[in-house]
Amino acid sequence: MAGDDFFIGGGATAAVASMVDPDARLSNKQRKRQYEAVAAARRGATVAKKTSGSSAASAGSKRARNGAAPAGRRGRKQDGDDDDDDDNESDDDGDEGGNVDDMDLTAGRDDDDDEDDEEEERKETAAQKRLRLAKRYLDKVREEVEQVNDGEVDAAEIDRDLIADRLRDDVLEATGRAFHLIADKYASLDLASSTRVFKSGKTGHQLPITGVAFAAPAPATIAEILAASQSTQAPAAPSASANANASASRPPLYIYSVSKDATMVKWDFWTGHKVHVRHGNLKPTKRLIARMGRKAIKNGPGHHDQILALDVSSDGKFVATGGLDKIIHIWSVADNTHLSSFKQHRDAISGLKFRHGTNQLYSASYDRSIKLWNVDELAYIETLFGHQDKIFSIDTLSRERCVTAGSRDRTVRLWKIVEESQLVFRSGGGIAVTDDLVVMDGLVKKDKKKERQATMSGDVIDVVAMVDEDHFVSGSDTGALSLWNVMRKKPLFTRLKAHGPAARVLVNGHESPSTAAGAAGADGCAWITALACVPFSDLFASGSADGHVRLWKISDTKKSFSLLNCIPVTGFVNSLSFFEAPLATAAANETLTRGEDAASLGAAETSAVVARIKAKERAKRAFEGVPKVVHLAMGTGQEHRLGRWWRMKEAKNQVVVVALVPSSSSSSSSAAKDAA
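Cut-offs used in this document
Sequence order sets the numbering: in each chain, residues are counted from 1 along the sequence as written. The predicted nature of this model means local features are confined to residues of pLDDT at least 70 and side-chain atom pairs, given and counted, to a pLDDT of 80 or more, with totals for whole chains, interfaces and linings taken over all residues. With hydrogens and water excluded, all non-hydrogen atoms of the structure serve as input to the side-chain values. Two rings belonging to Phe, Tyr or Trp (six-membered ring only in the last case) form a pair when the distance between their centres is within 6.5 Å. Interplanar angles under 30 degrees mark stacking, angles over 60 mark edge-to-face geometry, and anything in between is tilted. What counts as a helix is a DSSP run of H or I of at least four residues, what counts as a strand is a run of E of at least two, and both are numbered from the N terminus. Burial status follows relative accessibility: with a 1.4 Å probe on protein chains alone, a residue under 20% of its type maximum counts as buried, one over 50% as exposed, and anything between as partly exposed. Here, any two strands with at least 2 DSSP bridges between them count as paired. Whether two residues are in contact is decided by their heavy atoms, any of which lying within 4.5 Å being enough. The patches reported here contain residues having more than 30% relative accessible area and no salt bridge. Joining distances are 9 Å for like charges and 5 Å for nonpolar side chains (Val, Leu, Ile, Met, Phe, Trp, Tyr). Surface accessibility follows the Shrake-Rupley procedure with a 1.4 Å probe radius. Residue values consider only the protein chains on display as shielding. Salt bridges are counted wherever a side-chain nitrogen of Lys or Arg sits within 4 Å of a carboxyl oxygen of Asp or Glu. Charge counting treats Lys and Arg as positive and Asp and Glu as negative, with His and both chain ends excluded. The atoms used to mark charge sites are NZ of Lys, CZ of Arg, CG of Asp and CD of Glu.

K.L.:
I tried to follow the packing of aromatic side chains on my own but got confused; where do I start?
P.N.:
Any two aromatic rings considered together are summarised by their centre-to-centre distance and by the angle between their planes. Evaluated as defined, the whole model comprises 19 aromatic pairs. The interplanar angle of 70° and the centroid separation of 6.1 Å between the aromatic rings of phenylalanine 425 and tryptophan 484 together place this pair among those described as edge-to-face. Within this pair, whereas phenylalanine 425 is found in strand E17 (residues 421-426), its partner tryptophan 484 is found in strand E22 (residues 481-485), the two being separated by 59 residues in sequence. Given the relative accessible area of 0%, phenylalanine 425 is considered buried. Centroid distance tryptophan 527 to tryptophan 646: 6.4 Å. Interplanar angle 90°. Geometry classified as edge-to-face. Residue tryptophan 527 is located in the loop between helix H13 (517-521) and strand E26 (530-533), and its partner tryptophan 646 is located in the loop between strand E31 (629-637) and strand E32 (654-659); the two are separated by 119 residues in the primary sequence. No difference in accessibility class separates tryptophan 527 from tryptophan 646, as the two residues are buried.

Written out as structure tokens, the structure is:
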């Protein structure tokens, strides 16, 4: 029948097909489901038929090879005897094809071996596994040693390893993240010939210095400075022009300083003279207006209260200042003009820092917040909250993170800008050091532990500075210095009495008694008022009012530090800043101008543009040919940066710059050590 022929294809298909009645009155959905079931059964039957056909063909070929395959065997039994036929067929195949030559005796041996190995590995313990891996590693090492003994050294692989190490070091050096061990060569310094004092005079600072910063303009900024200087320069005598050409051969380097009288001074690093002075505006109070009138009060750009914070961008293009008037001012280094003002903070500005390599600015305030600014666009970015008290200090390096000290909440916080998170570090605990005695938490009695923590941490963590991206140092009002790691909540190392009347004094390797006049004048003040680090090195400095700025060396393991040297300074050290520049001595100036061509200096230039280009090239060539020395700039005053608790009349409000030049004995000993 035609209908029966349509559904032939196997028992399952026929069973499903018998359920379908074409004459039944079914709905469309029911009919659709039935035909889908029939189609699925037909596809399964087709696959089963192909599989049985292929197996039958293989069996027939084997019987043909053996010559014992009777024809028509499958036709002897029908109607439900398929299983018996399959059994008989398999029996016949076993009887008739039982030839030893046709048997695969090696089949499955490799699989059995793999299964046995896997089973053994599953049964072995952790100790047995470590032993097996160690034996395998020793065998590999023996093979490599034998190859080396046989002279089979892969020079190309060694070269690749050396090149990879060199490239890694170059990348770290280029990004400023290579850690340098430089502290040992500053154990003995020649302070007599390397210390310079920038005197304020009547037109400079009249109140204590609160901040210092170094500005090394980039080549683009240098071109702007030269253009501005030549546009405002009048025709001069031949001798004056020669001096101008000689000064043009040196790159422009500046030091900025701010003070409590709301004055900002721009100093020439080479000569120590004032280049520009920005006086503060008088605060327009009602009493002042009634006494002097509005016309007598300057309303130009500038601060009208104490300036507490100062920083310069890494490209030497921008200067940022902030103070008690709650305003951040942005200035141009090239032409000394005022660019913009940020007024979003609700209280005094206590700290400003530019991120290295960018013009992103971080600001800390008494309003317990940190704000981020884009100085290139003169725009606000975001605000960070978390401190429970006034923020006194802030520092940052090249990554998008900063560290802040939160005053009386006794915390230091590391802010991760990208991750939008913060790490909180609390003072107290950890390891404390008094002189050379190491005291661990577990070895201290419970009744003395609280007293020791209070003495060590103090009431205020006043200053903080970053050593590298993972370590930073902090100073308290009790004279304690602490070294921190971002992976630990407690300090790695703390030195008690780092400053103060009872602090150790070490000048060029010689022990000296604490005879500082400042200690007596400040009633024994041990408050650490300033910290500065040479980024990514083992050298940092701390300042107080005890008469010495102390240089410290961080150990190779970055878990402790020790006193390296002391620099005598009178007064409150309110600001410290490390920078690298050539020596500003007469011999260095001669070296800078030694390679200049006298004919090119005396010849008339064809245009102002050519003059600027040639001056820029000469300055760059001379600056690159002169070795640079680490300098330390210090801002001193008669009063503390944040208040008037003490006053030292013998101190002076001035800027002191010390070139860290090793003495001859120290340099010879270090050379001998390197030779050994």
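K.L.:
Is there a simple way to think about the pairing of strand E20 (residues 461-466) in this case?
P.N.:
Consecutive residues of a regular strand have side chains that alternate between opposite faces of the sheet. Of all 6 residues in E20, 6 are buried; the element is thus mostly enclosed. Of the strand pairs in this sheet, E20 and strand E21 (residues 471-476) are connected by 5 bridges, and their pairing is antiparallel. Of the residues in E21, the one forming a bridge with alanine 465 is valine 473. With antiparallel pairing between neighbouring strands as the criterion, E20 and E21 make up a hairpin whose turn holds 4 residues.

K.L.:
Is there a simple way to think about the side chain of serine 577 in this case?
P.N.:
If you trace the backbone, serine 577 turns up in strand E30 (residues 572-581). Aside from chain neighbours lying at most four places away, what touches serine 577 is Val212, Ala213, Phe214, Ala532, His631, Leu632 and Ala633.

K.L.:
Any chance you could explain a positive patch on the surface here in plain terms?
P.N.:
Together, Arg410, Arg426, Lys489 and Lys490 line one region of the surface with positive charge. Checked against the element boundaries, lysine 490 lands in the loop between E22 and strand E23 (493-495). On the accessibility criterion, lysine 490 (33% relative accessible area) is partly exposed.

K.L.:
So what exactly am I meant to see when it comes to unusual backbone geometry here?
P.N.:
One non-glycine residue, alanine 262, lies in the positive phi region at around 65°. Checked against the element boundaries, alanine 262 lands in the loop between strand E3 (254-259) and strand E4 (264-268). For alanine 262, a relative accessible area of 7% gives the class buried. Even without a glycine there, the phi angle at phenylalanine 536 is positive, about 60°. Tracing the backbone through its elements, the reader meets phenylalanine 536 in the loop between E26 and strand E27 (539-543).

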